[in-house]
Amino acid sequence: MEYTTGITLKSLTDDSGRLSRRAYVSLMYCGLVATGLWFNFFLAFLSCFFVPERIYVSLMFCLWCLMGALNATITLIVSPVTRTRKSRFQLFVRGLIDNKSHATLEKVTVKSRNGIIAFSLVFASATVGSLMTYLKLDMKLADFKPLNESPVFAIVSVIFLIIAVGSWLLPVLLFCITCLILAELFDDLSKRMKQQSLHSTTVQLASFKVEHHQLCEVVELAAAMFSPLLLGMVSLYIPLICFNLYLAVHSPGKTEEKKYLFMGNNFFWLIASVCVLTIIMLFGSKVSEGVRVHFESLFVFF
């Protein structure tokens, strides 16, 4: 069974304590991206004070930029592949590979492909929305002098705003795929338990209990990896949805065309936020339900 996303077994088991040149370049690039995302948040935060007449728009931008920056920073902390110290992501993948499961994961592969397609469509739509905000609605993160007079700040902020869309969606996609894998592993265990429950020996039932315990340990590793991300995202989604809903109804556009464009743009972000929050809760509850149901099934079999 493989769940690598570019990670090899050698990189997971290598404890030499040395960083390769590729790892250094990767960390520097990720650090640069995270710095740019925090730069966007800083610009949006300053707009709240320098442009008080657009306080709600600035707060919405501030929350979006904060979510993107937090996601990128937390991901940079929990998921780097280094040889000096095993990250939470490496520990999770290592535990998943060490788990000797009979599951084929064919359904997970199909659903993952559909998820990647959906991710690509949402990312493309969000990129169009970000460009529309800058080009059509003439809204900038730093809409105050002297920053609004420099095209460099505007272009850089738009670039990192598009990158923030990726840092917003990628952790959700990885979370959903992880939940699908874990749910499939528990379902496979449940099927084998049901097939052998009537004619299993005590040793076989005990082995199922051990396997269930090992799967629960993998779930704990996944929870340790995703809990900081989910805490930041869920805590920001509620106020973000409120601001999106308010601005979708009370458009600050000066002309009729800009009002409708701004309303449509905000309704897109509103629907996307609600859908992503719902997906997180549904996939997380599916794994939690699988752990509880199969734990109760063990007591029924014993």
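This section reports on the structure supplied with the text. Only a predicted model underlies this, so the values are computations on that prediction, with no experimental measurement involved.

### Thoughts on the overall build of the chain
Helix and strand counts for the chain come out as 8 helices and 0 strands. Tracing the chain from N to C terminus, the helices and strands come up as α-α-α-α-α-α-α-α. Counting only residues that meet the buried cut, the chain has 44% of its 302 residues in that class. Total accessible area computed for the chain in this model is approximately 16500 Å², and 68% of it derives from carbon and sulfur atoms.

### A few points about the packing of helix H5 (residues 106-135) against helix H6 (residues 151-196)
Contact geometry of H5 with H6 gives a least axis separation of 10 Å together with a crossing angle of 160°. Considered as vectors, H5 and H6 are oriented roughly antiparallel to each other. The handedness of the crossing between H5 and H6 is right-handed. Along the lines of polarity and charge, the residues of the contact of H5 with H6 split into 19 nonpolar, 5 polar and 3 charged.

### Some points on the nonpolar core
One finds Trp168 and Tyr237 to be the most contacted residues of the largest nonpolar core, which totals 69 residues. Counting only elements with at least two residues in this core, the list comes to helix H2 (21-50), helix H3 (55-78), helix H4 (88-98), H5, H6, helix H7 (202-249) and helix H8 (256-301). Top element by residues in this core is H6. It accounts for 17 residues. Not counting residues up to four positions away in its chain, the partners in contact with Trp168 are Trp64, Met67, Asn71, Met233, Tyr237, Trp269, Ala272 and Val276. If you look at the next biggest cluster of nonpolar residues, it comprises 6 residues, including Val33, Leu37, Phe160 and Ala164.

Calculation criteria
- Residues numbered from 1 in each chain as written.
- Predicted model: local features only at pLDDT ≥ 70, side-chain atom pairs only at ≥ 80, totals over all residues.
- Heavy atoms only, no water.
- Helix = DSSP H or I, 4+ residues; strand = E, 2+ residues; numbered from the N terminus.
- Buried < 20%, exposed > 50% of the residue type's maximum accessible area, 1.4 Å probe, protein only.
- Areas by Shrake-Rupley, 256 points an atom, 1.4 Å probe, with all protein chains shown as cover.
- Axes fitted to C-alpha atoms, helices over the stretch in contact; angles between N-to-C directions.
- Parallel < 35°, antiparallel > 145°, perpendicular 65-115°, else oblique.
- Left-handed = near helix turned anticlockwise from the far one by under 90°.
- Nonpolar A, V, L, I, M, F, W, Y, C, P; charged D, E, K, R; others polar.
- Core = buried A, V, L, I, M, F, W, Y, C linked by side-chain atoms within 4.5 Å.
- Contact = heavy atoms within 4.5 Å.

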